[in-house]
Amino acid sequence: MSASETHPNQTETNQPRRTLTGVTTTGIPHLGNYVGAIRPAIQSSQNSTNEEDKSFFFLADYHSIIKCSDPKQVHESTKAIAATWLACGLDPEKVVFYRQSDVPEIPELAWILNCSCAKGLMNRAHAYKAAVDANNEKADVDPDHGITMGLFGYPVLMAADILMFNATHVPVGRDQIQHVEMARDIAGTFNHKYKPLFTQPSAVFDDNVALLTGLDGRKMSKSYGNTIPLFGEYNPQVDPEKQLRKAIMQIVTNSQAPEEPKDADDSVIFEIYKAFATPDELADLRSQFEAGIAWGDAKQILFEKINSEIAPFRERYFELMANPKELEEILMMGAEKARRHSRKQLDKTRRAIGIKPLAKLK
Ligand code: TRP
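Residues numbered from 1 in each chain as written. Predicted model: local features only at pLDDT ≥ 70, side-chain atom pairs only at ≥ 80, totals over all residues. Heavy atoms only, no water.

On the surface, Lys195, Lys344, Lys348 and Lys356 cluster together into a patch of positive charge. When you line up the elements, Lys356 lands in the segment after α14 (324-353). (Patch = residues over 30% accessible without salt bridge, like charges linked within 9 Å, V, L, I, M, F, W, Y side chains within 5 Å. Areas by Shrake-Rupley, 256 points an atom, 1.4 Å probe, with all protein chains shown as cover. Salt bridge = Lys/Arg side-chain N within 4 Å of Asp/Glu carboxyl O. Lys, Arg positive; Asp, Glu negative; His and termini not counted. Charge placed at Lys NZ, Arg CZ, Asp CG, Glu CD. Helix = DSSP H or I, 4+ residues; strand = E, 2+ residues; numbered from the N terminus.)

Now the structure itself:
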């Protein structure tokens, strides 16, 4: 796997590598999330051997309320994402796994950073600019129509997430690179204005990580409604394996007859298969495409491949979903670990800006 970093030369010194990433709690994990974020993050956390080499993973629930004002959805998503990451092998003893809202020092730091972050920097954020552009296309609509301060200041909260733990490496999707660059900028301004307290992070992104195609041929995304759910709906009446098979059978294909030779590179089935199969398995399916394979048979091969990888995690997922107490305990333990860092970092930050006790009381 070849991941790129935005600032590759900065951390060759004695600073330990510290990886941190967050997941916004607005949806239920699908196959694209699994291949693009969950699987690579868990693999890299399992590969690290150095004690100092701690990884931080968190549920960005304060970010979720920027996009989603349905309390039930925020709550359900938090539960499903936590259960998914743990079921897929994230080891909460080895990494720091927590919920953003359980670390109150984060929003406190966000406020402090707000006060040295230029408004002009936020004006340049892609997500904000896109919202303004959309308003400008309509007649008689204020450019800031429907835009909350939460959306506008989103990158500052994200900077607080990252800078709080002095993360050096932040794995993200391409759309988030700008936010990590803004966190660098915000750290630099604070360090210059007060005291060098914050490490400047690098975004880490992987161009080889598959961006999965969805059922309809567009990028797999919740907003297109074309996703394949990872573990299926939490419903004891419906067999989750059947749900997966059913979703795969819905992948859009063309009307070629079964025996006609098919172009593997133009097929969503093959595209998804690539993210799961070994090179030999891939070559084998390619030759079956060339020889002519019925779409239904190709889908069955894809289903079996995906199922063999995720079936071992599925049981644990449903067990955790049925037992939120266990999830809650794991998150509480994670919050405690996170707060050992965040209390110290916030204390240093407050002192640096002149907020500290006037005298020591016994
Ligand atoms: N904004 C990120 C996303 O939507 C989630 C996120 C919040 C995050 N805080 C973060 C990612 C800090 C990395 C580091 O994908």
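Once the structure has been displayed, the description carries forward.
Further remarks concern the pattern of salt bridges. One pass over the structure, following the stated rule, counts 14 salt bridges. Glu5 serves as the salt-bridge partner of Arg17, at 3.7 Å between the closest nitrogen and oxygen. Of the two residues, Arg17 is situated in the loop between β1 (3-5) and β2 (19-24) and Glu5 in strand β1; the sequence distance between them amounts to 12 residues. On the basis of relative accessibility, which here comes to 38%, the residue Arg17 falls in the partly exposed class. Notably, a salt bridge pairs Asp216 with Arg218, separated by 3.0 Å at the nearest N-O pair. Judged by its relative accessible area of 42%, Arg218 is partly exposed. Within the structure, one salt-bridge network assembled from shared partners comprises Arg99, Asp102 and Glu328. (Buried < 20%, exposed > 50% of the residue type's maximum accessible area, 1.4 Å probe, protein only.)

Let's shift gears to the packing of aromatic side chains. Taken as a whole and assessed by the stated rule, the structure comprises 13 aromatic pairs. Taken together, a centroid distance of 5.5 Å and an interplanar angle of 40° make the contact between Phe57 and Trp85 tilted. One end of the pair, Phe57, is in strand β3 (residues 55-60); the other, Trp85, is in helix α3 (residues 71-87), and 28 residues separate them in sequence. Take Phe57 and Trp85: they sit in the same class, and that class is buried. Here a set of aromatic residues connected by ring pairs shows up, and it is made of Phe56, Phe58, Tyr98 and Phe165. (Phe/Tyr/Trp six-rings, centres within 6.5 Å; stacked < 30°, edge-to-face > 60°.)

Once that is clear, we can look at the UniProt feature "binding site: L-tryptophan" (unreviewed entry) in the protein chain. Under the local residue numbering, the UniProt record ascribes the feature "binding site: L-tryptophan" (unreviewed entry) to Asp161. Residue position: Asp161 is located in helix α8 (residues 154-164). Take Asp161: its relative accessible area is 2%, and that puts it in the buried class. For Asp161, the residues in contact, after removing those within four places along its chain, are Leu20, Phe58, His63, Gln100 and Ile106. (UniProt positions renumbered as here; feature names shortened; annotations may be inferred. Contact = heavy atoms within 4.5 Å.)

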